[in-house]
Amino acid sequence: MPLLDVQSLVVEYHALKADVKAVDRVSISVEKGHTLGLVGESGCGKSTLGLSTLRLVPPPGRIASGRITLDGIDVVNCSEEEIRRVRGKRVGYIFQDPMTSLNPVKKIGAHFVEMIRTHEPEVAEADALKRATKVLGRLGILSERINDFPHQFSGGMRQRVMIGLALALGPDLLIADEPTTSLDVIVEAQIIELLKELKESLRLTLVLITHNIGIVAETADQVAVMYAGRIAELGETDGIFAEPMHPYTQALLNSVPNITKKGQVLSWIPGAPPDLAEPPPGCLFHPRCPHAFDRCKKEEPQLLKHNGTEVACHLYDKR
Amino acid sequence: MTSQKSFVHAVDDVSFSMDRGDILGLVGESGSGKSTTARLCLKLIEPTSGRIIFEGVDLAKLRGEELRGFRRNIQLIFQDPTASLSPRIRIGEAIRHALSFQNVGTASEQVERTRVMLERVGLKPWSSFYDRYPHQLSGGQRQRVVIARALVLNPKFVVADEPIAMVDVSVRAQILELMLELKKEFDLTYLFITHDLAMANYVCRTIAIMYLGKIVEIGPKEEVFEKPLHPYTLALLSSIPVPDPKAKLERIIPKGEIPSPINPPKGCRFHPRCPYAQTTCSEQEPELEQIAPNHRAACAYPRT
């Protein structure tokens, strides 16, 4: 049984013009110990998808339909109490932008104490702090820093604190939303190496949400490419990079500079992602797709298996 | 040039020159001084000492009206188009304002030049864009407006600070291509500030690597990226994520973090983190010296 199983999830935002489907019938499945890279650009719905696995989508967003099963628990329908037990304890979440996620007037130690005692109220403050020191030590942060405030940490250190908070209760699943965006190159490499190492030593299951194709190539076993709220392509990392099938995936991979490739010519995708309040008919990517044909403008493509990868594109649908 | 702001040695004894038509990438991480250097080139910040010589004239000595006149020749493109464009001004007007501020032409000439510039940066037809507000455009389109505003004055020199960092990945190359085309058409010289080495490799001719207020390596991009000399450059290059799951990554990750520029380490600023540091490195600060043809590095033990 997969640790995380999402089936036909629909997350809507009630907007003035219309109800916008930030996530539209998305299904993903992550086995224990695996890493899924959820890749896409602005507005593709990857962050919303991440938040919905813990029922953290802020209003006016809401889960409209579908199933989310987290280690056997029905996330969409379980009680408030049950989902609170899951958050932090079974699933650790690293939010985008560590600076706004940490309370600027609370010491780092206090963040950990709050985290631990919310789930384990019987734990004494001193013991909670001891645990915090241990977790932070594992992440390269000296124990004295328990008494520092967030602004006293550099960007990279704050990110380590976020990872520490996510891991403090020993979850099996870690969801990281853009864990290295806004970090310096070398710090980014340090954090990636750290995540890889933790994956190994703690047997973590990881969902990595990012627009950075490079770190996905390095850490993920499987990749799901999202566009305008839907999955465009889903498969093993090696396969997706070696032979991307969806025109969006192809274009995305061709637009990322690879410093090891000499004489690379970068391409781009003309236009911009659709306005989800007024989406185009048929395939949402068709207005920007170099291979679009008649069917693409009328009929929405289904996510179908083709050569071991799932792809939502009429080019591969011979039905 | 040197700049001291409250004893933070943001830019410490940095010297470099650019030929007309060059594209120099100033590459570095936080605290490297690259953004400060860029702003010093436009004299948006007062240098503590040193010279900024543009076409034979020392900008550091200019004031008021004279400086403003010179500023027409040097324009800046910031990384965040949303912050650079006033949300309450229609984009056509925002561009035209650049001309009216410098008293260039009559109002109708300014409007005409704005229309031409809008189309030149790909916002066609101009009539469809002139009256829009920034929030009605995508990130990539907003960045084009920022570029149009910078170029409508026909500057000679453009300083671009992370011009594509906030643009979607799949649209970045389009903005870069636009900047390269405009360079040819308007005979521009570019100074690119970036932490994105892959982008710098793609677009720049010359690369200068900065660390804690100093240039540690400078040379043609082929030299710096293929035959790096400074250990910090090596560490940077080995840290770049590669979009290829089969790539073999041999990372050189320097220990610790970038120290505060308030109290930079003695001797070579990189020595506490350098995997190859020797005793002399903590005592003597290395000069930026020619190690290979056209290729300079500030290291006592360059990795040749």
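This part covers the overall build of chain A. Helices and strands together make up the secondary structure of chain A, namely 11 helices and 12 strands. Taken over C-alpha atoms, the radius of gyration comes to 20 Å for chain A, in line with the 20 Å a tight globule of 319 residues would show. C-alpha extents for chain A along the principal axes are approximately 65 × 50 × 40 Å.

A few words now on the overall build of chain B. The number of helices and strands found in chain B is 11 helices and 12 strands. Compactness check: chain B gives a C-alpha radius of gyration of 21 Å against a globular reference of 19 Å for 304 residues, within 12% of the reference. Overall, the C-alpha framework of chain B stretches about 65 × 50 × 35 Å when taken along its three principal axes. Taken across its 304 residues, chain B has 47% of its residues classed as buried. Nonlocal contacts in chain B, meaning residues at least 24 apart in sequence, comprise 63% of its contacts between residues at least 6 apart.

The interface is formed by 33 residues belonging to chain B together with 35 residues belonging to chain A. Elements that contribute at least two residues to the side of chain B that touches chain A include exactly helix H7 (139–151), helix H8 (169–186), helix H9 (197–203) and helix H11 (231–239) of chain B. For the side of chain B that touches chain A, the element with the most residues is H8(B), which contributes six residues. Tallied by class, the residues present in the side of chain B that touches chain A amount to 18 nonpolar, nine polar and six charged.

It is worth spelling out the confidence of the model for chain A at this point. Here chain A averages 92 in pLDDT, while 100% of its residues score no lower than 70. Strand E9 (residues 222–227) of chain A holds the highest mean pLDDT among the elements of chain A, 98, whereas helix H3 (residues 98–101) of chain A holds the lowest, 77.

Residues and elements named next belong to chain B. When cut into domains, chain B gives domain 1 (3–73 + 155–297) and domain 2 (82–154). For domain 1 versus domain 2, the separation of C-alpha centres amounts to 29 Å. On the side of domain 2, 11 residues touch domain 1, which itself brings 14 residues to the contact. It is H8 that provides the largest number of residues to the side of domain 1 that touches domain 2, a total of seven residues.

Here we come to the sheet that holds strand E8 (residues 205–210) of chain A. Strands belonging to one sheet form pairs held by backbone hydrogen bonds; the direction of such a pair is parallel or antiparallel. Residues and elements named next belong to chain A. Judged by pairing direction, the sheet is mixed, and its eight strands sit side by side in the order E6-E7-E8-E3-E9-E10-E12-E11 without closing on themselves. On the outer flanks of this sheet lie strand E6 (91–94) and strand E11 (304–306), each paired with one strand and no other. Adjacent strand axes in the sheet meet at a mean angle of 20 degrees when their direction is disregarded. When strand E3 (residues 35–39) meets E8, the two strands line up parallel, connected through five bridges. Looking across to E8, one finds that Leu36 is bridged to Val207. Contacting E6 and strand E7 (173–177), helix H6 (residues 155–167) runs over the sheet at an angle of about 165 degrees to E6.

This part takes up the environment of A:Val223. All names here are of chain A. Take Val223: it is sitting in strand E9. Classification of Val223 by C-beta neighbours within 10 Å gives buried; the count is 27. In this structure, the C-alpha to C-alpha distance between Val223 and Arg288, residues 65 residues apart in sequence, is 22 Å. Dropping the residues within four chain positions of it, Val223 is found in contact with Gly37, Val39, Val216, Gly235, Thr237 and Ile240.

Residues and elements named next belong to chain B. The element strand E3 (residues 23–28) is extensively covered by neighbouring structure, given that six of its six residues are classed as buried. Residue alternation in E3 divides its side chains into two sets, Ile23, Gly25 and Val27 and Leu24, Leu26 and Gly28, and both sets are buried. Of the pairings in the sheet, the one linking E3 to strand E8 (residues 189–194) comprises five bridges and is parallel in character. Considered in E8, the bridge of Gly25 is made with Phe192. Taken together, the five bridges between E3 and strand E9 (residues 206–211) define a ladder with parallel strand orientation.

Next up on the list: the sheet that holds strand E1 (residues 4–14) of chain A. Residues and elements named next belong to chain A. The antiparallel open sheet is built from four strands, whose spatial order is E2-E1-E4-E5. Of all strands in the sheet, those bounded by a partner on one side alone are strand E2 (19–30) and strand E5 (73–74). Looking at chain direction, E1 and strand E4 (residues 61–70) are connected through eight bridges and run antiparallel. Looking across to E4, one finds that Val6 is bridged to Ile68.

A few words now on the nonpolar core. The nonpolar side chains of a soluble globular protein tend to be buried with one another. A:Ala224, B:Phe192 and B:Ile209 are the most contacted members of the largest nonpolar core, which has 179 residues in total. In terms of domain composition, this core takes at least three residues from each of domain 1 (3–73 + 155–297) and domain 2 (82–154) of chain B. Apart from residues lying up to four places away in sequence, B:Phe192 is in contact with B:Ile23, B:Leu24, B:Gly25, B:Leu26, B:Ala160, B:Ala200, B:Val203 and B:Cys204.

Residue placement: B:Leu197 occurs in helix H9. Since 24 C-beta atoms lie within 10 Å of it, B:Leu197 is described here as buried. B:Leu197 sits 42 residues away from B:Pro155 along the chain, and the two C-alpha atoms are 26 Å apart. Those residues in contact with B:Leu197 that sit more than four places away from it in its chain are A:Val185, A:Ile259, B:Val27, B:Leu236, B:Leu237 and B:Ile240.

Rules and cut-offs
- Residues numbered from 1 in each chain as written.
- Chains lettered and ligands numbered in written order.
- Predicted model: local features only at pLDDT ≥ 70, side-chain atom pairs only at ≥ 80, totals over all residues.
- Helix = DSSP H or I, 4+ residues; strand = E, 2+ residues; numbered from the N terminus.
- Rg over C-alpha atoms; globule rule 2.2 N^0.38 Å.
- Buried ≥ 20, exposed ≤ 12 C-beta atoms within 10 Å, placed from the backbone.
- Contact = placed C-beta atoms within 7 Å.
- Nonpolar A, V, L, I, M, F, W, Y, C, P; charged D, E, K, R; others polar.
- pLDDT = per-residue confidence, 0-100.
- Domains from an automatic or database assignment.
- Pairing = 2+ DSSP bridges.
- Axes fitted to C-alpha atoms, helices over the stretch in contact; angles between N-to-C directions.
- Core = buried A, V, L, I, M, F, W, Y, C linked by C-beta atoms within 7 Å.

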